Amino acid sequence: MAETKKLFIKTYGCQMNVYDSERMAEALGGNGYEEVSSAAEADMILLNTCHIREKAAEKIYSELGRMRDLKTAKPDLKIGIAGCVAQAEGAEIMRRQPMVDLVVGPQSYHRLPEMEARAGGGEKVLDTDFPEEDKFELLKARPKSKRGPTAFLTVQEGCDKFCAFCVVPYTRGAEVSRPVDRILTEARDLVARGVREITMLGQNVNAYHGAGTDGRDWTLARLIWELAEIDGLERLRFTTSHPNDMSDDLIDAHGRCEKLMPYLHLPVQSGSDHILKRMNRSHTRDSYLRLIDRIRTARPDILLSGDFIVGFPEETDADFRDTVRLIEEVGYGQAYSFKYSTRPGTPAAERGQIDDAVASERLAELQALITRQQRAVQDAMIGKEVGVLFEKAGRMPGQMVGKSDHLHAVHVDSDTLQPGDLRRVRIIGSNTNSLSGVVL
Ligand code: SAH
Ligand code: SF4
Ligand code: F3S
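Because the structure is predicted, anything quoted here is derived from the model rather than measured. (Residues numbered from 1 in each chain as written. Chains lettered and ligands numbered in written order. Predicted model: local features only at pLDDT ≥ 70, side-chain atom pairs only at ≥ 80, totals over all residues. Heavy atoms only, no water.)

Among the 14 residues in the neighbourhood of ligand 1, the closest are listed as Phe-165, Gln-203, Gln-269, Asp-307 and Ser-341. Taking Phe-165, its main chain carries an N or O atom lying 3.0 Å from a nitrogen atom of ligand 1. Gln-203 places a main-chain nitrogen or oxygen 2.7 Å from a nitrogen atom of ligand 1. Alone, ligand 1 offers 540 Å² of accessible surface; in the complex the protein occludes 89% of this. For the shell around ligand 1, the elements supplying multiple residues, two or more each, are β13 (303-310) and β14 (334-339). (Near = heavy atom within 4 Å. Polar contact = N/O pair within 3.5 Å; in protein donor to acceptor, adjacent residues only side chain to side chain. Areas by Shrake-Rupley, 256 points an atom, 1.4 Å probe, with all protein chains shown as cover. Helix = DSSP H or I, 4+ residues; strand = E, 2+ residues; numbered from the N terminus.)

See below:
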């Protein structure tokens, strides 16, 4: 039998990268690799990268700098770059950093085993194509190891929306939905391996329109109802959604499908119509607020989450105040805010940038507001009864932690609970980043 080689993968960026890293580890398993948790013992290091903001991309260069010593000590060590930086600037990295052996873009992961074999022979290999073949089918999971209680499952990839600030349509390519039967097979396999909660992933997951089992295109809602039929699968989530694709049947599923959890990440980016237009978001402040109303009518206890960008080119004080007022109006249970970062090749990169100090000030104000809202939503959980899916032992002896229906981290004292147990819990306390509760 061939000797096992050691693979270390470091994952940056979004949840889709987490999913992709799992698939790549499984694919390289066929080449004799087993995953390890430290770079120092690895025969191959794979950086699965993110290009969304300048800082995210810069991390890769500093990480490569740190790896230079490892490569000097072990010249056979292979270094690979995957993910969105690989897609956007992989060829340049390979030119500038001779220690990089392999560059693979997100749409070519199924070719990784063959690429690794060539890199093993001393070749430099680069693949950033957008091939025709079905990468997911070719990336099928290998030997069935046991899994934790939660898993990601990519159902849709890519984006056709072209927001003026965003690299994703260029790094992930056009929107593609996987066929329903493949998703069901993968979901059943996950459940057989111990998974009880699946988060469906897509850059525009609610634009899902995969081929259904009846030959027609199915919506995300239809897929959700079908997944909900799987015995042993207790919870469903999906991320990330675009306001324009929040269809009636999906809102209805939030109201009626018990397995669909009351949490929705629905980024709006800005509360100013002028900025939304310049962002090419194709929704308005008002259409977003009306949408939120309809969602809350269907599912009153839903926890809303969002993304915001401050300091977008031309953003005035009045535009920023519109964003603040929108946040105050909606009341988010969770939100992520970012300072606009110029991304080469995107339309907004050509425009006049606003003063960095002003953007930093706005970001600080927004983050303070969001933190207060998150805390208020969390505190309001005290006294309520929620479902909690337990995942692992807590930091304190005898403690178990899991996630509530609303995705809050919850810890309880228990000697008997096991990972994968789903229980009703009464919330009794609210701490900085978690809730405490008692099992009912
Ligand atoms: N597909 C998702 C999110 C993609 S990226 C969606 O459409 O909502 C995640 C978040 O990063 C975005 O929602 C946006 O808030 C932020 N982001 C994207 N490009 C950015 C940029 N150039 N500068 C700052 N933040 C950015
Ligand atoms: Fe980027 Fe906009 Fe597509 Fe989201 S919808 S991935 S922000 S281009
Ligand atoms: Fe980053 Fe690519 Fe995800 S740019 S956020 S890793 S889609």
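A few words now on the sheet that holds strand β2 (residues 33-35). Spatial strand order, β2-β1-β3-β4-β5-β6: six strands in an open sheet with parallel pairing. A single partner strand is all that each edge strand has here, and the edge strands are β2 and β6 (125-127). Averaged over all neighbouring strand pairs, the angle between strand axes comes to 20 degrees, with direction disregarded. In terms of strand pairing, strand β5 (residues 102-104) meets β6 through three bridges, oriented parallel. Residue Val-103 lies in a different strand from β6, and its bridge partner there is Leu-126. (Pairing = 2+ DSSP bridges. Axes fitted to C-alpha atoms, helices over the stretch in contact; angles between N-to-C directions.)

The next subject is the site of ligand 2. Taken together, Cys-159, Lys-161, Phe-162, Cys-163, Phe-165, Cys-166, Val-168, Pro-169, Asn-204, His-242 and Arg-281 make up the full set of residues near ligand 2. Looking at the shell around ligand 2 residue by residue, the classes come out as seven nonpolar, two polar and two charged. (Nonpolar A, V, L, I, M, F, W, Y, C, P; charged D, E, K, R; others polar.)

Strand order in the closed barrel formed by five strands is β15-β16-β17-β19-β18, and the pairing between neighbours is mixed. Along the sheet, successive strands turn relative to each other by an average axial angle of 50 degrees, direction set aside. In terms of strand pairing, strand β17 (residues 409-413) meets strand β19 (residues 435-439) through two bridges, oriented parallel. Following the sheet pairing, His-411 is matched in β19 by Ser-436.

Using the residue numbers shown here, the UniProt feature "domain: TRAM" (unreviewed entry) corresponds to residues 379-440. Secondary structure content for residues 379-440 is 2% helix and 55% strand, and the end C-alpha separation is 20 Å. (UniProt positions renumbered as here; feature names shortened; annotations may be inferred.)

On to the layout of surface pockets, then. Empty space within the second largest pocket amounts to approximately 480 Å³. In terms of lining residues, the second largest pocket is bounded by 19 residues, among which Arg-53, Lys-55, Lys-339, Tyr-340 and Ser-341 are the most central. Elements with a minimum of two residues in the lining of the second largest pocket: α2 (54-73) and α13 (356-379). Take the lining of the second largest pocket: its biggest share by element is five residues, from α2. Of the residues in the lining of the second largest pocket, the class split is seven nonpolar, five polar and seven charged. Counting residues domain by domain, the lining of the second largest pocket receives three or more from each of domain 1 (5-127) and domain 2 (142-380). (1 Å grid on protein atoms, 1.4 Å probe; cavity = no way out; pocket = protein on both sides within 12 Å on 5 of 7 lines; lining within 4 Å. Points joined across faces, edges and corners; volume = space filled by probe spheres on them. Domains from an automatic or database assignment.)

Residues Thr-239 and Thr-240 are joined by a peptide bond in cis, for which omega reads 0 degrees. Its place among the elements puts Thr-240 in the loop between β11 (235-239) and α9 (248-256). One non-glycine residue, Gln-269, lies in the positive phi region at around 75 degrees. Examined against the element boundaries, Gln-269 turns out to sit in the loop between β12 (263-265) and α10 (273-278). One non-glycine residue, Ser-282, lies in positive phi territory at about 55 degrees.

Domain annotation for the protein reports domain 1 (5-127), domain 2 (142-380) and domain 3 (385-439). Centre-to-centre, using C-alpha coordinates, domain 2 lies 25 Å away from domain 3. When domain 2 packs against domain 3, the two sides together hide about 1400 Å² of surface, and 55% of this comes from carbon and sulfur. Run the count over domain 2 and domain 3 and you get one salt bridge. Ionic pairing is found between Asp-405 and Arg-235, a salt bridge with its closest N-O pair at 2.9 Å. Taken together, the connections running from domain 2 to domain 3 amount to 13 residue pairs in polar contact (both at pLDDT 80 or more). (Buried area = accessible area lost by both parts, 1.4 Å probe. Salt bridge = Lys/Arg side-chain N within 4 Å of Asp/Glu carboxyl O.)

Position of Asp-127 relative to the elements: it lies in strand β6. Given a relative accessible area of 11%, Asp-127 falls into the buried group. Separated by 3.0 Å, the side chain of Asp-127 and the backbone nitrogen of Asp-129 make a polar contact. Setting aside chain neighbours within four positions, we find Asp-127 in contact with Val-103, Val-104, Gly-105, Ser-108, Arg-111 and Met-115. (Buried < 20%, exposed > 50% of the residue type's maximum accessible area, 1.4 Å probe, protein only. Contact = heavy atoms within 4.5 Å.)

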